[in-house]
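# Per-entry structural report
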Number of protein chains: 2
Amino acid sequence: MPRPPDPARAAARREAVTAAAARLFAERGYENTSVTDLARAAGLSSGSVFYHFPDKRAVFRSLFERDLPQCRELVERSLDTDDPLESILGMVDALGAEALDPTAPGIMVELLRQVDRDPELARIVSENASVLHRGFATLLRRAIESGTVDGGLDPDEAAAWIQAVIDAAFLNAENDTDPRPMLRLIVGRFLAAPTTGKAT
Amino acid sequence: MPRPPDPARAAARREAVTAAAARLFAERGYENTSVTDLARAAGLSSGSVFYHFPDKRAVFRSLFERDLPQCRELVERSLDTDDPLESILGMVDALGAEALDPTAPGIMVELLRQVDRDPELARIVSENASVLHRGFATLLRRAIESGTVDGGLDPDEAAAWIQAVIDAAFLNAENDTDPRPMLRLIVGRFLAAPTTGKAT
DNA sequence: GTCTATACAGGGATAGAC
DNA sequence: GTCTATCCCTGTATAGAC
């Protein structure tokens, strides 16, 4: 019986391709993974991959399209706080936790490479980064206001550096040690208002 | 007159390929740059590239083979000091300066990708990283001894994180601002012995 | 929707003349 | 040493049957 159109099943197969892509792109890299490789790993034919995705780049992008909602949610949750510094460190922890995913370093590196070569991908990740940036910068302003963060820092510049250090944690995550304690320490000390000198 | 063998000229052409590779690999990525592209940019034929290099990967490796001596020199110079903390920050400055090279971010990302796929490349860069690591760790031990760096830090772990933060500067180098001031600030605060509490 | 088959292009590396 | 010509392979994407 020739299967009736089944959107649920189709979505599942699309998802299978995305999952295979996360693993294979991380292990072997984007260019060293053929669409046929993805198809085999996901249990379908290469022709079918091109039915579900317009081209190979779109498969890669699909890895990041699902991130934006989570990202917004994290920021919203974090903005609702009395202790902005602690909330910043909480965001750092949450983002650092993703570095525990064994595919994270590989995907991160591929992302850095591909983002300059696919404008649509650039749009997606820059939206993502903007959300985080605004979250960090807003919290930094509040924390500076309340005297828990060094007023000599520029909130936007500091936010960018926090994100850079988190990215570095991803790249450095080859070993399976949890980066979060050191990440928290580094960011915490970076931001801390000088204990000596001008208290409020 | 059919030129006599001229090793100097040959070395110059080899060097031209390396220079073209730095630019093109950074701009377009390793896989998206063909040997023919490199050859054209360096002003010779693709056949000649394979005369000077055994294969394409060797061209990429040539970008890093020249780094090791500079690296050793930096560490040696830095170890000869009375103020180990200042010397660490000096190393950070020197390494951060390389991020000003406009090809640095692109090459950095390619390096991260290729290092898992070329054992010979891995050998080269791990030797490089080891030299730096030992330099940082040695200076950290001395600085902890003399009370200028937080004795609660593990020297090896801290050294690894300093290197990670420097990597972060490379990734963040899309804009043309000098990363060194912030780099120094972040590392300095990361390491600083707590001013309150136990003085020696 | 999913497959098989294939068009079409491009790249790494080698051969051999000069 | 340097070139040109080319072998051989692989990969993306499409066509068309089912």
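What you see is a predicted model; the values in this text were computed from it and never measured.

Along its length, chain A carries 10 helices and zero strands. For chain A, the N- to C-terminal ordering of α and β elements is α-α-α-α-α-α-α-α-α-α. Each principal axis of the C-alpha distribution contributes one length, and for chain A these read about 80 × 35 × 30 Å. When each of the 200 residues of chain A is scored for burial, the buried share is 46%. Within chain A, residue pairs in contact and separated by at least 24 positions form 71% of the contacts whose partners lie at least 6 positions apart.

Before going further, it helps to examine the protein's contact with DNA strand D. Residues in close proximity to DNA strand D total 15 residues, the closest being V35 and K56 of chain A together with S45, S48 and H52 of chain B. At the protein interface, 77% of the atoms of DNA strand D within 4 Å belong to sugar or phosphate. Between DNA strand D and the protein, one listed contact pairs a phosphate oxygen with a backbone N or O atom of V35 of chain A at 2.8 Å. Measuring from a phosphate oxygen of DNA strand D, one finds a side-chain N or O atom of H52 of chain B at 2.7 Å. Of all the secondary structure elements, the ones that give two or more residues to the surface near DNA strand D are α1 (7–28) and α3 (46–52) of chain B. Among the elements that line the surface near DNA strand D, the one with the most residues is α3 of chain B, at four residues. Its residues placed into classes, the surface near DNA strand D shows five nonpolar, six polar and four charged.

Glancing now at the side chain of N128 of chain B. All names here are of chain B. You can see N128 is positioned in helix α8 (residues 119–145). When its relative accessible area of 14% is taken as the criterion, N128 is described as buried. For N128, the residues in contact, after removing those within four places along its chain, are D67, L68 and C71.

Let's shift gears to the relation of the copies chain A and chain B. For the pair chain A and chain B, the relating rotation is 180°, the translation along its axis is 0.1 Å, and the fit reaches an RMSD of 0.1 Å. Both copies are brought into coincidence by an operation consistent with a two-fold rotation axis. Among all residues of chain A, the one whose C-alpha sits closest to the rotation axis is A168 of chain A, at a distance of 2.4 Å. When the interface residues of chain A are mapped onto chain B, 91% of them again fall at the interface, so both copies present the same face.

Another aspect to go through is the interface of chain A and chain B. Each partner contributes to the interface: chain A provides 35 residues, whereas chain B provides 32 residues. Of the roughly 2,800 Å² buried where chain A meets chain B, counting both sides, 65% is carbon and sulfur surface. Taken together, the links from chain A to chain B amount to six salt bridges. Close ionic contact of R113 of chain B with E31 of chain A constitutes a salt bridge, the shortest N to O distance being 3.6 Å. Counting across the interface, chain A meets chain B through 11 residue pairs in polar contact (both at pLDDT 80 or more). Elements represented by at least two residues in the side of chain A that touches chain B include exactly α1 (7–28), α7 (104–114), α9 (155–171) and α10 (180–191) of chain A. If one sorts the elements of the side of chain A that touches chain B by residue count, α9 of chain A sits on top with nine residues. Split into classes, the residues belonging to the side of chain A that touches chain B amount to 20 nonpolar, five polar and 10 charged.

This part takes up the environment of L89 of chain A. All names here are of chain A. Inspection of the secondary structure assignment puts L89 in helix α6 (residues 84–97). The exposure class assigned to L89 is buried, which follows from its relative accessible area of 8%. In the structure, L89 is positioned 57 residues away from S146 in sequence and 16 Å away in space, judged by C-alpha atoms. Here L89 is in contact with R184, V187 and G188, once residues within four sequence places are set aside.

The next point concerns the protein's contact with DNA strand C. As a structural note, the neighbourhood of DNA strand C is formed by 15 residues, with S45, S48 and H52 of chain A together with V35 and K56 of chain B the closest of them. Restricting attention to atoms of DNA strand C within 4 Å of the protein, one finds that 78% of them are sugar or phosphate atoms. A distance of 2.8 Å separates a phosphate oxygen of DNA strand C from a polar side-chain atom of H52 of chain A. Of all elements in the fold, only α1 and α3 (46–52) of chain A reach the threshold of two or more residues within the surface near DNA strand C. Per-element tally for the surface near DNA strand C: the top contributor is α3 of chain A, with four residues.

This part covers the packing of α1 of chain B against helix α4 (residues 56–65) of chain B. All names here are of chain B. With their axes 9 Å apart at the nearest point, α1 and α4 run at an angle of 90° to one another. By the angle between their axes, α1 is roughly perpendicular relative to α4. Along the contact surface, α1 presents R14, V17, T18, A21, A22 and F25, while α4 presents K56, V59, F60, S62, L63 and E65. Residues of the contact of α1 with α4, tallied by class, amount to seven nonpolar, two polar and three charged.

With that settled, consider the packing of α9 of chain A against helix α9 (residues 155–171) of chain B. Between α9 of chain A and α9 of chain B, the shortest axis-to-axis distance is 8 Å and the interhelical angle comes to 115°. For the pair α9 of chain A and α9 of chain B, the sense of crossing is right-handed. Seen from α9 of chain A, the contacting residues are W161, A164, V165, D167, A168, A169 and L171 of chain A; seen from α9 of chain B, they are W161, A164, A168, A169 and L171 of chain B. Looking at the contact of α9 of chain A with α9 of chain B, its residues break down into 11 nonpolar, no polar and one charged.

Our next topic: α10 of chain A. For α10 of chain A, built from 12 residues, the straight-helix expectation of 16 Å at 1.5 Å per residue is met to within 8% by its first-to-last C-alpha distance of 16 Å. Buried residues belonging to α10 of chain A abut α6, α8 (119–145) and α9 of chain A together with α9 and α10 (180–191) of chain B.

A separate point is the domain arrangement of chain A. Note on interface size: it is often stated as the accessible area lost on association of the parts. All names here are of chain A. Along its sequence, chain A is carved into domain 1 (7–60) and domain 2 (66–191). Distance from the C-alpha centre of domain 1 to the C-alpha centre of domain 2: 29 Å. On the domain 2 side, the residues contacting the 11 residues of domain 1 number 11 residues. Here domain 1 meets domain 2 over a buried area of about 890 Å², counting both sides, of which 58% is carbon and sulfur. For domain 1, the biggest contributors to the area lost against domain 2 are A26, R57 and F60; these three give 55% of the whole.

Parameters and conventions
- Residues numbered from 1 in each chain as written.
- Chains lettered and ligands numbered in written order.
- Predicted model: local features only at pLDDT ≥ 70, side-chain atom pairs only at ≥ 80, totals over all residues.
- Heavy atoms only, no water.
- Helix = DSSP H or I, 4+ residues; strand = E, 2+ residues; numbered from the N terminus.
- Buried < 20%, exposed > 50% of the residue type's maximum accessible area, 1.4 Å probe, protein only.
- Contact = heavy atoms within 4.5 Å.
- Near = heavy atom within 4 Å.
- Polar contact = N/O pair within 3.5 Å; in protein donor to acceptor, adjacent residues only side chain to side chain.
- Nonpolar A, V, L, I, M, F, W, Y, C, P; charged D, E, K, R; others polar.
- Least-squares fit on C-alpha atoms with pLDDT ≥ 70 in both.
- Buried area = accessible area lost by both parts, 1.4 Å probe.
- Salt bridge = Lys/Arg side-chain N within 4 Å of Asp/Glu carboxyl O.
- Axes fitted to C-alpha atoms, helices over the stretch in contact; angles between N-to-C directions.
- Parallel < 35°, antiparallel > 145°, perpendicular 65-115°, else oblique.
- Left-handed = near helix turned anticlockwise from the far one by under 90°.
- Expected span 1.5 Å × (residues − 1).
- Domains from an automatic or database assignment.

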